[in-house]
Amino acid sequence: FITNSHCTNTQGGTEGTPYWQPLETVDPVQIATEVDDPVYFRRQNGCPNGRRCRFSDASRAAYASGIDVDLGTLAKTTGPNTGSITINGSFTITGEGSAAVGQQVNKVGRTTGWTQGLVTNTCVNTGVSGSNIVQLCQTFVSAGVGGGDSGSPVFSGTTNVTLVGILWGGNSSGTQFVYSPIANIEQELGALTTQ
């Protein structure tokens, strides 16, 4: 599976972060191990002086043997922009794509559930608050977000959906999120099987 690099033990660089669902203290069965998390680079590809950069806040984990996986689906809550985190079915991923300014996209996160809104900016070099990291060519969406929503899939459509990226941050008021586009993720991690 793909999650955020900032959700690994060390952002940028593969160190074998173990994963549990939801937590090791709740269920001690390890579900996966981090296997690919490119290091951040400096002084290339438009990275500003004194900064470390990548094109995605993404890492890849390999599922442990015997872990049941439902490839090509995303958890669905009871409705968009309601704050519900009650699972009510699933979305089916039918492809990968991109989103343009003005296009409606969605995300499902563990804190704010299913939110949807319009893309406001694309290909923005985005500084990460409190760090020297810049995520290059990211997309902004005017939609709800909260702490803990990192790693949320971002998609267009309402039943059969097109995966467009992975959420990694938002503004302090919880009204705008930023995501790494799927093309950027595949540029750094290689082709993904999403359906």
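Keep in mind that this is a model prediction, so the values were computed, not measured.

A. Seen up close, the sheet that holds strand β3 (residues 32-36). Spatially, the 4 strands line up as an open sheet ordered β1-β5-β3-β2, and their pairing is antiparallel. Each edge of the open sheet is held by one strand with a lone partner, namely β1 (2-3) and β2 (18-19). Taken together, the 2 bridges between β2 and β3 define a ladder with antiparallel strand orientation. In the strand pairing of β3, Y19 is matched with A32.

B. Region of interest: the side chain of S56. For S56, the position within the fold is in the loop between β4 (52-54) and β5 (59-63). A relative accessible area of 0% means that S56 is categorised as buried. Every residue in contact with S56, bar those within four places of it in the chain, is listed here: Y40, Q135, Q138, S180, N184, I185 and E188.

C. Expanded view of the nonpolar core. Counting 14 residues, the largest nonpolar core has L74, F91, I93, V108, F155, V161 and I185 as its most contacted members. When residues no more than four places from it in sequence are discounted, the contact partners of V108 are A75, T77, F91, G113, W114, S152, P153 and F155.

D. Structural view of the packing of aromatic side chains. For the structure on display, the rule yields 6 aromatic pairs. Seen from their ring centres, F41 and F55 are 6.0 Å apart, and the 35 degrees between their planes marks the pair as tilted. Taken as a pair, F41 in the loop between β3 and β4 and F55 in the loop between β4 and β5 lie far apart in primary sequence, 14 residues in all. The class of F41 is buried, set by a relative accessible area of 13%. Residue classification places F55 among the buried positions, given a relative accessible area of 15%. Measuring from centroid to centroid gives 6.5 Å for F177 and Y179, while their planes differ by 50 degrees, and the two rings are tilted. A relative accessible area of 0% places F177 in the buried class. What makes Y179 buried here is its relative accessible area of 1%. Cluster of aromatic residues (ring-pair linked, three or more members): F1, Y19 and Y63. Across from the ring centre of Y40, 5.4 Å away, lies the NZ or CZ of R52, which sits over that ring.

Reading the values: the criteria
- Residues numbered from 1 in each chain as written.
- Predicted model: local features only at pLDDT ≥ 70, side-chain atom pairs only at ≥ 80, totals over all residues.
- Heavy atoms only, no water.
- Pairing = 2+ DSSP bridges.
- Helix = DSSP H or I, 4+ residues; strand = E, 2+ residues; numbered from the N terminus.
- Buried < 20%, exposed > 50% of the residue type's maximum accessible area, 1.4 Å probe, protein only.
- Contact = heavy atoms within 4.5 Å.
- Core = buried A, V, L, I, M, F, W, Y, C linked by side-chain atoms within 4.5 Å.
- Phe/Tyr/Trp six-rings, centres within 6.5 Å; stacked < 30°, edge-to-face > 60°.
- Lys NZ or Arg CZ within 6 Å of the ring centre and 35° of its normal.

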